[in-house]
Amino acid sequence: MTQDIFILGATGNVGKTLVSQIFEHGDNNPDKHVNPTRIMGMASIFGPDMTKGYIFSPEGLSKEQSLAFSNQETSEYKVFETLDDVLNEVKALNNLVFVDVTPDKKITDFHKKIIEETNHGIVTANKNPISLSDYNTFRSLTVDPTRYGYRCSVMAGAEAVSFLQDLNDVNDKPQIIQGCFSGTLGYITSELEKGVKFSDIVKKAKAEGYTEPHPRDDLNGLDVARKLLILARTGGYEVEMDDMEINPLMPEKYFAEDDIPKFLESTSEMDDYFAQKVKEADAKGNTLRYVAYMDATSGKPKLTVGLKEVPKNSALGSLKGTSNKIEVISRAYPDGSSYSVEAPGAGLEVTAQNVRRDLLYRLKDRKFLS
Ligand SMILES: NC(=O)c1ccc[n+]([C@@H]2O[C@H](COP(=O)([O-])OP(=O)(O)OC[C@H]3O[C@@H](n4cnc5c(N)ncnc54)[C@H](OP(=O)(O)O)[C@@H]3O)[C@@H](O)[C@H]2O)c1
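Residues numbered from 1 in each chain as written. Predicted model: local features only at pLDDT ≥ 70, side-chain atom pairs only at ≥ 80, totals over all residues.

Each strand in a sheet pairs with its neighbour through backbone hydrogen bonds, running either in the same direction (parallel) or in the opposite one (antiparallel). Here 6 strands make up an open sheet; going across it, the order is E9-E11-E10-E8-E12-E13 and the pairing mixed. The two strands at the open ends of the sheet, each matched to only one other strand, are strand E9 (244-246) and strand E13 (339-344). Neighbouring strand axes in the sheet, compared pairwise and without regard to direction, differ in orientation by 25° on average. Against the sheet, helix H8 (residues 183-193) makes contact with strand E8 (176-180), strand E10 (286-295) and strand E12 (323-329), and its axis sits at roughly 150° relative to E10, the strand it touches most. (Pairing = 2+ DSSP bridges. Helix = DSSP H or I, 4+ residues; strand = E, 2+ residues; numbered from the N terminus. Axes fitted to C-alpha atoms, helices over the stretch in contact; angles between N-to-C directions. Contact = placed C-beta atoms within 7 Å.)

In the vicinity of the ligand lie 24 residues, with Gly9, Gly12, Asn13, Val14 and Ala346 positioned nearest. Residues of the shell around the ligand, tallied by class, amount to 13 nonpolar, 10 polar and 1 charged. (Near = placed C-beta within 6 Å. Nonpolar A, V, L, I, M, F, W, Y, C, P; charged D, E, K, R; others polar.)

Running from amino to carboxyl end, helix H1 (residues 13-24) crosses helix H2 (residues 63-70) at an angle of 160°, the nearest separation of the two axes being 9 Å. Of the possible angle classes, the one that applies to H1 and H2 is roughly antiparallel. Like other packed secondary-structure pairs, H1 and H2 cross with a definite hand, here left-handed. Along the contact surface, H1 presents Gly15, Lys16, Val19 and Phe23, while H2 presents Lys63, Ser66, Leu67 and Ser70. Split into classes, the residues belonging to the contact of H1 with H2 amount to 3 nonpolar, 3 polar and 2 charged. (Parallel < 35°, antiparallel > 145°, perpendicular 65-115°, else oblique. Left-handed = near helix turned anticlockwise from the far one by under 90°.)

Moving on, we get to the environment of valine 86. Relative to the assigned elements, valine 86 resides in helix H3 (residues 83-89). On a C-alpha basis, the gap between valine 86 and proline 251 in space is 43 Å, while along the polypeptide they are 165 residues apart. Every residue in contact with valine 86, bar those within four places of it in the chain, is listed here: Ala43, Tyr54 and Phe80.

What follows is about the domain arrangement of the protein. It is common to give the size of an interface as the accessible area lost on bringing the parts into contact. For the protein, the assigned domains read domain 1 (3-158 + 349-361) and domain 2 (176-343). Measuring from the centre of the C-alpha atoms in domain 1 to the corresponding centre in domain 2 gives 30 Å. With 10 residues of domain 1 at the interface, the matching set in domain 2 holds 14 residues. Only helix H5 (128-131) and helix H6 (135-142) provide two or more residues apiece to the side of domain 1 that touches domain 2. Its residues assigned to classes, the side of domain 1 that touches domain 2 comprises 6 nonpolar, 2 polar and 2 charged. (Domains from an automatic or database assignment.)

Turning next to unusual backbone geometry. Phi is positive for methionine 155, close to 55°, though the residue is something other than glycine. Along the polypeptide, methionine 155 turns up in the loop between strand E7 (148-149) and helix H7 (161-169). Classification of methionine 155 by C-beta neighbours within 10 Å gives buried; the count is 29. Phi at asparagine 171 is positive, roughly 60°, even though this residue is not glycine. Within the secondary structure layout, asparagine 171 lies in the loop between H7 and E8. (Buried ≥ 20, exposed ≤ 12 C-beta atoms within 10 Å, placed from the backbone.)

Below, the structure written as structure tokens:
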């Protein structure tokens, strides 16, 4: 059976890469797949006037139509006010999977509508609907794993979410989750370890495009906190953001600066502080990492994110550059052992491929070619 998909955010970085992968790898080719992918539609916001546009065909879009839309090389699209207009257009379809590769923070109600009022599914790389909402919303969105895939919300789709879903389902809830879930903060701490000045690292990370448009959105730790919240919830814990202790990399007062060049200049005030922290850690054989940590060994989980000293030769201490890592301890991993995965935490090719993998898990009749 064909898997019909509708891509939201198709002109974005991940969206464009996803569309080109689908055709490059022949996901749409029935000779290569028992369950080929058919792109029914795409929606995005584009152009200098921020037009909200979509295309849809009840027979599926051609490769040419799909690539032209995702590369913004067509004017043949319809304008939509809200995603409800798009939903209205596809109401005759059954078992469509919406792919959310937008960074939209207000798309939660749309996800809810899909799950509660239709028989469609969702695969999301957008972590906002499951991390900005309360536990009950998280639960109602994710309760049916055949309809809601969110592996790409953490570690760009490596086996973090899927492992914790399974662990909870075999009734072996995680007792400890720890990890480094930010490529930017991984890069910063790795460079600090080499003795580079904090302000030079942040400026270089910004110049190389490793940071969010405003670097405070990495340095404030919120993105890491959202990922830890998703993982703790996935592991079976009823937790809210208010339960989390968030220790930003820099004091909050610096984040009030909206002007990016001025903000970057202000980071030099932290150079001596970080040089001293690195020196103190080094003297003990340790290094600094920005660690997300959940400890549920005594019942209600304690959740923290922040800068931490870890032994240089430990799993997190030996992590290099922008790589991400998760370590999980549960009853099945006694005596200092753990489940652990290291993977790139972002990257367009990896993320788009893992979105395609997540789509496979939404198939109700998945078969391999014999
Ligand atoms: N980049 C990575 O390596 C990576 C890894 C894992 C997860 N993710 C997640 O994947 C998502 C996409 O990332 P990205 O780097 O591709 O972002 P991006 O380049 O900003 O692309 C997102 C696209 O979605 C559009 N959009 C926003 N709201 C929309 C809506 N309601 N309906 C339809 N389209 C909408 C955006 O338009 P405007 O730009 O005009 O708003 C933009 O074209 C984000 O949630 C991100 O956190 C990214």
